[in-house]
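A structural walkthrough
Given next are the chains, with one letter for each unit.
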Amino acid sequence: MALDRRRLLHSGAAALGAVALSGAVPPGAAARAGAAGGPPGEASAAGKGAGATPLYPAVGPGTAFLDHRSLLGDLPEAEWYEANIPFVDLPDAAIRDTYYYRWRVIKHALKYTGPREGWILSEFLGPVGYSAPYGGINAAAAHHVREARWLRDHRYLDDYIGYWLRGSGSGPKPATDFLNKNTTDWAHQYSFWIADAVVARASTDGRWEHALGLLDELERQWRRWAPQFDDEVGLYWQTPVWDAMEYTASSYQSDDPYHGGEGFRPTLNAYQYGDAKAIAALLRRRGRRGDEAKADRYDERARALRVQQERWLWDEEDQFYKHVMRDGNPERRRLADREQIGYLPWYFHMAPADNAAAWAQLRDPEGFSAPFGPTTVERRSPWFMHQALEGCCRWNGPSWPFATSQTLTALANLLIDYPAQPHVDRTDYYAVLRAYALTHRKDGEPYVAEAHHPDEDRWIYDGRGHSEDYNHSTFNDLVLSGLLGIRCRPDATVSLAPLAPREWDHFAVENLPYHGHNLSVLFDRSGRHYGHGTGLSVWLDGRRIHRQDGLEPVTLTIGRAGQHTLPREVDDLANVEQKGHPLASASYTFHLDSPAKAIDGQDLHIDTPSSRWTNYGSPNAADDWLAVDFGVPTPVSDLRISFYDDGGGVRTPDSYELHHLGQDGRWHPLPGQRRTPQTPRPGTLNRILLERPVTTTALRLTATRTSGGAVGVAAWQSWRTEDPRLALTVETPSDGLVPVEPGRAVKVTTTVTATATTVVSPHLLVPDNWKVLPQHTIRPTALRAGKTLHTHWLVTAPTDLPHQPPQPLRLLVRSRGEKAEQFVTSVVARAQAD
């Protein structure tokens, strides 16, 4: 992404940025209960009451060969990693340590946007003005899916994929130069390969029903690139900047070096090829009437793209795929320069085997080879590093993690899935991966920013408070699927084809979530390192199922496991946009921090960017507080607090108190608290379960240290478990606001729709000093599958209600699950005086 583009935020483009970050309900839509979303939790909401849901997903039966806590080091909330990630042990410390750091990058990138959208993965930790609502950017979203597909908690990606295909990420955007004038929705702002990523994800966790449920949206996403398809050439064209690549070698040869001239490129054409093949595979798996014929049509479209790409983009003399300018180029001449994007066809198995000579350039000193590479254009290009050190962002030589990820994925495909060839081998994969790992350092600490110097150990595009933990690439997927060779398959098998160096005497991956199982792989040449025999051994759910002497590829049948759906949980304290309610305040706040950052949906434990509240420098002795006003009565039963601890002036408190605002307007201690841990510990998520839910309009937290020093909160959350069988709405006019008249009763209609027979009890909650009366008696109602319950309420706002700002109304529905689980499902609408 361009620094130039970000600087526009300080000019007139700031207004567009505000539009981009808006998460408002589209005109004409009703306020609706959101998609599934929630923090890590157990596979079922077993037990009594909302507080019974476990905090993290259960790992299940597996092995315990590795020292997990030692491998994690001092990462905050180690329990999250224990529950979610596969653990690896490698003899290369640079790759091993980067692997665990990159899981921290993923955890930091997780942003809870609210009940309507759930979780997304952010690219930047702080918002930027050219992003979709809540800060999503689709340029690297497929990277995010491939990286996070190895997590045990499926809700993160369920929400995130839904955001791009069904939610705000698929919604309309302005067709302006600032936000891509060629497209009109956020999911097409940048080139994007979502269907391929969805299939890769389903091949990992085995949850094909979820993937199949997205088919209509995946087809729509594929078709919406049609305006950029050239019928004469038979290929898609793209502007380099909307490949997320400004100032490329090809761009400098146009009359617009920043954007780059429109051209036929290996990027979007490879993405559309991969997505067409993925959609065809999903159609055949679904197997409805007409699906086979439709799949054949997608395969034919993919084949046609491949034929035309070979015709127009493959340079037989230079043995490489190249950019072809669209305009002013009637002969369709290819540019002379080899750019790293020429490796993309192998990412999707699009390139024929005969083209493997292109990979000789990866190790060529005049090609892409670099100590911290690969480079984004070959060194022999006259545009190599042209102006690249004059400021961000130029993709004409710097080492770019986004492209390195694609190149290494493509290289693993070549080495594992293609016939043997003489140009590159496993030593090259390891060398490039290790060079990539070595870029992940700054001042001796793990770090990733936007682009690295190819020949020097320094990041060159790295904005303070902006580029930290830059989530724009993969790394762990390259370790698992490439270096360790865990090749996910759609059926009940797994293929192992490690690219690890043959001189390594050991490596391990432990309790990798795969198709509902835990997969562990140990390689121990002598048998002495792990003490579980020599050679390569494979464990499934803690039981050894295979052993062999060497690293030869093998495919194993693992059998099908039952798939568990984690409960849908929502956080009522989250306010990502920091507008309206919930509204955070504090008795004192350090000038670089904000109370609102404690409820912004993120849990960051780095100094910059700030995403926390602290009372550092407070003149108050020990009575500073942080409070949140819900704006409307809200049930509270499961609170979670992540205290910020910088190891210096802000430390974990020794104790804390929690109060709620009573109907008498006074603060009262929250009753029946069960705390884990009992007293705060550094780097641990503090959970407070209430014996009985409390309905309140506000909460207050007072945390203290016996020394009188400063404290901070990185995240404060209030979770509840929702009923996945219910969909709720508060009906609104086209502006999305419930119209009210101060001092006069108005009718408000709410609906509850069930997908399975459910007994529901609806309630409409209104702000203090408002009145609400149902127009008929409210009692538990058995709602059959497919039916909708309409309830009418008379709502009276106070006579002194100001026109601004809108006030929240909460529709709350209590229900029970098949196992007597208690659900509290809710949706919030905004009301405003006419």
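These notes cover the structure that comes with them. All values derive from a computational prediction rather than experimental measurement.

Rules used throughout
Throughout this document, residue positions are counted from 1 along each chain, in the order its sequence is written. This being a predicted model, a pLDDT of at least 70 is required before a residue's local features are given, and a value of 80 or more before pairs of side-chain atoms are given or counted; all residues contribute to the totals for chains, interfaces and linings. To obtain the side-chain values, all non-hydrogen atoms of the structure were used and water was disregarded. Strands are treated as partners if at least two bridges between them are detected by DSSP. In this description a helix means any DSSP run of H or I spanning at least four residues, a strand means any run of E spanning at least two, and both kinds are numbered starting from the N terminus. Angles here are taken between N-to-C directions and fall from 0 to 180 degrees, while the axes themselves are lines fitted to C-alpha atoms, restricted in helices to the stretch in contact. We define a salt bridge as a side-chain nitrogen of Lys or Arg found within 4 Å of a carboxyl oxygen belonging to Asp or Glu. Exposure is judged per residue with a 1.4 Å probe applied to protein chains only, and the accessible area is read against the type maximum: over 50% gives exposed, under 20% gives buried, and values in between give partly exposed. When the sulfur atoms of two cysteines come within 2.5 Å, that pair is taken as a disulfide.

**Side note on the sheet that holds strand 19 (residues 535-540)**
Reading across the sheet, the 5 strands line up as 2-17-18-19-20 and stay open at both edges, with antiparallel pairing between neighbours. A strand with exactly one partner marks an edge of an open sheet, and here the two such strands are strand 2 (87-89) and strand 20 (543-548). Neighbour-to-neighbour, the strand axes of this sheet turn through a mean angle of 15°, independent of strand direction. Note: strand 2 against strand 17 (residues 506-514), 3 bridges, orientation antiparallel. Directly across from Asp-89, in strand 17, lies its bridge partner Ala-508.

**Examining the pattern of salt bridges**
Side-chain pairing between opposite charges can occur once the charged atoms of the two side chains come close. Scanning the model with the defined rule gives 52 salt bridges in all. For Glu-569, the salt bridge is made with Arg-640, and the minimal N-O distance between the two is 3.9 Å. Here the residue Glu-569 occupies a position in strand 22 (residues 568-571), and Arg-640 occupies one in strand 25 (residues 626-643), the gap between them amounting to 71 residues. We classify Arg-640 as buried; its relative accessible area is 0%. The partner of Arg-744 in a salt bridge is Glu-741, and the shortest N-O contact between them spans 3.3 Å. Residue classification places Arg-744 among the exposed residues on the basis of a relative accessible area of 55%. What makes Glu-741 partly exposed here is its relative accessible area of 31%. Counted as one network, the salt bridges with shared partners bring together Asp-315, Asp-318, Lys-322, Arg-338, Asp-364, Glu-378 and Arg-380.

**Looking at the state of the cysteines**
Across all of its chains, the model carries 1 disulfide by this definition. Paired through a disulfide, Cys-392 and Cys-393 show a sulfur-sulfur distance of 1.5 Å. Looking along the S-S bond of the Cys-392-Cys-393 disulfide, the torsion reads about 55°, which is the right-handed sense. By relative accessible area, Cys-393 is classed as buried at 0%.

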